[in-house]
Amino acid sequence: MATDVSSRENAKVFLGFDFSTQQAKAILVTNDLKVIQEIAVKFDTELPEFKTDGGVHVHDDHVTVTAPTAMWVKAFDMLLEKMKSENVPFEKIAAVSGSGQQHGSVYWKIGAQHLLNNLNPESSMHSQLKDVFSVGDSPIWMDASTTQLCRDLEEKVGGKQRLTDITGSCGYERMTGNQIAKIYQTNREAYLNTERISLVSSFVASLCVGDYAPIDESDGSGMNLLNIHTREWAAECLTACAPDLADKLGSVVPSKQIIGSVSPYLVQRYGFAQDCQVIAFTGDNPASLAGLTPSAGDVMVSLGTSDTIFLWLSSPKPSTVGHVFVNPIESTDFMALACFKNGSLTRERIRNECAEGSWDKFIAALENTPMGNNGNIGIYFYVTEIQPLVQGVFRFNSHGEEVTSFPKEVEIRAVLEGQMVARRYYSEMLGFNFNSTNTRVIATGGASTNPAILQVIADVFNAPVYTKDVANSAALGSAFRAKHGWLGPGVDYSEVVSGLKQPPCVAVPSPGADKVYGDLCDRYKELEARIQNRTSLISTD
Ligand code: 5FX
């Protein structure tokens with residue numbers, strides 16, 4: 001009998017969705033979290049009738065960016081149809097979770113809930129839900145049209161830092177509260193005709209449960225509306241954005257909460273089990289964090305066109321740079337996110353200029369220069385950086401004097417050290433403590449296979465570096481979260497993912513790195529402030 005029970009348990013599978021900017025994806029994993037199926041629908045090519053470019057519409061003003069809400073519903077139908085034709089064992093799915101591009105919002109018309117509750121399994125969702133949105137074009141994270149509304153919100157709640165202290169971020173154009181304020185101000189009728197506002201994540205969750213799904217705490221932190229400490233809507237932010245917002249947003253729940261079972265529609269049309277559980281959906285970045293299977297206190301560095309750092313924090317210091325969200329795995333903790341525009345392209349440019357385009361020559365040059373680069377520091381912002389908001393290239397010698405060039409070998413070390421010291425500086429500013437003996441760095445993304453870069457990270461962060469190459473980390477993290485939520489309270493995420501292969505340790509800090517980079521970090525802070533304080537920037541680019 002015992003074997004029967006355990007083989008029944010082992011036969012269970014878990015499903016993770018991800019609705020990102022360009023595609024919708026589903027990943028199915030076994031009970032021991034092995035990926036068995038991956039299915040995707042690409043918006044531009046598979047749903048050409050919506051005429052999106054990269055999954056979005058950039059409006060004539062160049063700053064308004066939206067996506068057709070109906071496209072996402074149709075993509076959900078198509079994804080399920082594809083899953084059916086690829087013989088996904090729907091009946092074995094024990095739990096589902098998912099993620100969506102952060103900040104984007106969906107506006108359900110008065111009366112939509114009734115339709116959602118009563119979907120007819122004989123026809124597609126998109127044919128039944130085509131008229132249920134009061135705003136047909138969902139504002140998404142790429143929108144930059146709400147600058148004045150951000151300043152208004154900051155002012156109404158008592159300043160930039162106060163909004164940051166409450167919500168984990170200062171006013172950002174893409175954050176949902178400011179987008180909602182824009183709709184209230186420019187499309188009043190649609191706002192008044194809205195029964196529920198979902199995030200992309202809770203919207204797809206709603207399609208799964210056949211009812212309005214609550215927003216989860218982690219994705220909810222990307223709205224400039226949630227108090228990340230009490231994990232409740234911040235009344236003063238709601239009032240500042242639009243009236244009756246609390247009703248329209250509904251409740252907010254911990255990210256690992258079971259929010260219901262799949263809808264009768266999914267049971268009847270696709271053969272899901274009636275007791276298949278739906279775990280709250282979250283944002284793509286929180287879900288990616290889960291996909292990297294971190295432990296408390298880890299720092300994750302994603303090295304791509306732009307570099308992103310994700311920090312697992314217990315005591316955050318919300319700052320007007322970067323963002324602090326409620327942690328999607330451990331809801332009493334936090335995660336911070338900061339993005340740096342000058343990533344791989346900047347490193348490659350220096351490689352091309354100083355190492356004849358060869359990583360081997362780049363690495364050899366690096367080995368010829370000491371940690372700390374004899375006091376030379378370079379700051380390379382070929383494109384305007386996010387923090388600080390500065391463009392230009394700045395080189396300083398060991399006396400803090402600005403110089404116009406460095407020898408090639410010095411330039412090579414300077415670009416890596418300058419970038420990684422900045423990542424460390426902003427991590428510390430957000431509350432991360434690099435002096436903890438438990439700190440692990442998990443490096444991911446294109447450049448995480450480059451040993452020279454990894455060694456500099458280990459030295460600058462004074463922590464061992466592990467590499468993890470996780471394709472589709474948001475969908476995968478969603479499947480893992482589905483299992484975590486399904487196991488119920490009291491089960492630690494680390495237990496859920498304990499069977500997975502541990503990432504290899506690829507670099508450890510060199511002796512003496514701690515002192516060298518502690519000092520360099522202090523000098524970087526000063527130099528960056530100097531650059532920022534200049535009224536006219538002297539670019540030596
Ligand atoms: C994070 O704050 C962002 O705006 C983006 O990374 C989106 O989540 C991309 F989907």
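Residues numbered from 1 in each chain as written. Predicted model: local features only at pLDDT ≥ 70, side-chain atom pairs only at ≥ 80, totals over all residues. Heavy atoms only, no water.

A.B. asks: Would you mind showing me how to read the overall build of the protein here?
C.D. replies: For the protein, the helix and strand inventory stands at 22 helices and 27 strands. For 541 residues, the compact-globule estimate of 2.2 N^0.38 gives 24 Å, and the C-alpha radius of gyration of the protein, at 24 Å, lies within 12% of that figure. If one aligns the C-alpha atoms of the protein with their principal axes, the spans along those axes are about 75 × 60 × 45 Å. Within the protein, the proportion of its 541 residues that are buried is 60%. For the protein, the exposed surface amounts to about 20,900 Å²; the carbon and sulfur share of it is 50%. (Helix = DSSP H or I, 4+ residues; strand = E, 2+ residues; numbered from the N terminus. Rg over C-alpha atoms; globule rule 2.2 N^0.38 Å. Buried < 20%, exposed > 50% of the residue type's maximum accessible area, 1.4 Å probe, protein only. Areas by Shrake-Rupley, 256 points an atom, 1.4 Å probe, with all protein chains shown as cover.)

A.B. asks: Would you mind going over the pairing of strand β19 (residues 307-313) with me for this structure?
C.D. replies: Each regular strand shows side chains that alternate between the opposite faces of the sheet. In terms of burial, β19 is a largely internal element, seven of the seven residues being buried. Where strand β18 (residues 299-303) lies against β19, five bridges are found, and the strand directions are antiparallel. Each bridged residue has a counterpart across the sheet, and for V299 the counterpart in β19 is L311. Remark: three residues form the turn of the hairpin made by β18 and β19, two consecutive strands paired antiparallel. (Pairing = 2+ DSSP bridges.)

A.B. asks: I keep staring at the sheet that holds strand β9 (residues 137-139) and nothing clicks. Help me out?
C.D. replies: One key point about sheets: their strands pair by backbone hydrogen bonds, in either a parallel or an antiparallel sense. Spatially, β4-β5-β9 is the arrangement adopted by the three strands of the open sheet, whose pairing is antiparallel. Edge positions in the open sheet fall to β4 (57-58) and β9, since each of these has one partner strand only. Where strand β5 (residues 65-68) and β9 come together, three bridges link them in antiparallel fashion. Note that in β9 the partner of P68 across the bridge is D137. In this fold helix α3 (residues 69-85) packs onto β5 and β9, with an angle of close to 40° to the strand it touches most, β5. (Contact = heavy atoms within 4.5 Å. Axes fitted to C-alpha atoms, helices over the stretch in contact; angles between N-to-C directions.)

A.B. asks: Looking at this structure, I do not really get the pairing of β5. What am I missing?
C.D. replies: Residues V65 and A67 line one face of β5 and the alternating positions T66 and P68 line the opposite face, and both faces are buried. Across two bridges, the pairing between β4 and β5 is antiparallel. Residue H57 lies in a different strand from β5, and its bridge partner there is T66. The hairpin turn running from β4 into β5, its antiparallel successor, is six residues long, and H62 in that turn takes a positive phi close to 70°.

A.B. asks: Any chance you could explain helix α7 (residues 160-167) here in plain terms?
C.D. replies: Every α-helical turn comprises 3.6 residues, leaving residues that sit three or four positions apart pointing alike. Along α7, the residues classified as buried are L163, T164, I166 and T167. Seen end-on, α7 carries its buried residues on one side only, within an arc spanning 165°. Elements in contact with the buried residues of α7: α6 (147-157), β12 (226-227), α12 (235-241) and β20 (323-326). (Arc of directions from axis to C-beta.)

A.B. asks: Just to check I follow, could you spell out the pattern of salt bridges for this structure?
C.D. replies: Applying the stated rule across the entire model yields 19 salt bridges. The partner of E411 in a salt bridge is R395, with the nearest N and O atoms 2.8 Å apart. You can see E411 sitting in helix α18 (residues 408-429) and its partner R395 sitting in strand β23 (residues 392-396), a full 16 residues away along the chain. Each member of the pair, E411 as well as R395, carries the same accessibility label: buried. K525 is paired through a salt bridge with D522; the nearest N and O atoms lie 3.8 Å apart. Residue K525 and its partner D522 are located together in helix α22 (residues 513-533), separated by three residues, close to a single helical turn. (Salt bridge = Lys/Arg side-chain N within 4 Å of Asp/Glu carboxyl O.)

A.B. asks: Just to check I follow, could you spell out the site of the ligand for this structure?
C.D. replies: Around the ligand, the neighbouring residues are T21, Q101, Q102, H103, W141, R174, D284 and N285. Within the side chain of R174, one N or O atom sits 2.8 Å away from an oxygen atom of the ligand. Within the contact set of the ligand, an oxygen atom lies 3.0 Å away from a side-chain nitrogen or oxygen of N285. Looking at the shell around the ligand residue by residue, the classes come out as one nonpolar, five polar and two charged. (Near = heavy atom within 4 Å. Polar contact = N/O pair within 3.5 Å; in protein donor to acceptor, adjacent residues only side chain to side chain. Nonpolar A, V, L, I, M, F, W, Y, C, P; charged D, E, K, R; others polar.)

A.B. asks: What is the right way to read unusual backbone geometry from this model?
C.D. replies: A negative phi holds for most residues other than glycine; trans holds for most peptide bonds. Going from Q387 to P388, the amide bond is cis rather than trans, its omega being 0°. Here P388 shows up in the loop between β22 (377-381) and β23. Of note, H103 is a non-glycine position whose phi angle comes to about 80°, a positive value. Among the secondary structure elements, H103 is positioned in the loop between β6 (93-100) and β7 (105-109). For H103, a relative accessible area of 5% corresponds to the buried category.

A.B. asks: Where do I start with the packing of aromatic side chains in this structure?
C.D. replies: Any two aromatic rings considered together are summarised by their centre-to-centre distance and by the angle between their planes. Applying the stated criterion across every chain, the model contains 18 aromatic pairs. Aromatic side chains W72 and F203 sit 6.1 Å apart centroid to centroid with 50° between the ring planes, which places their arrangement in the tilted category. Of the two residues, W72 is situated in helix α3 and F203 in helix α10 (residues 200-209); the sequence distance between them amounts to 131 residues. Among the residues examined, W72 registers a relative accessible area of 1% and is labelled buried. The class for F203 is buried, based on a relative accessible area of 0%. (Phe/Tyr/Trp six-rings, centres within 6.5 Å; stacked < 30°, edge-to-face > 60°.)

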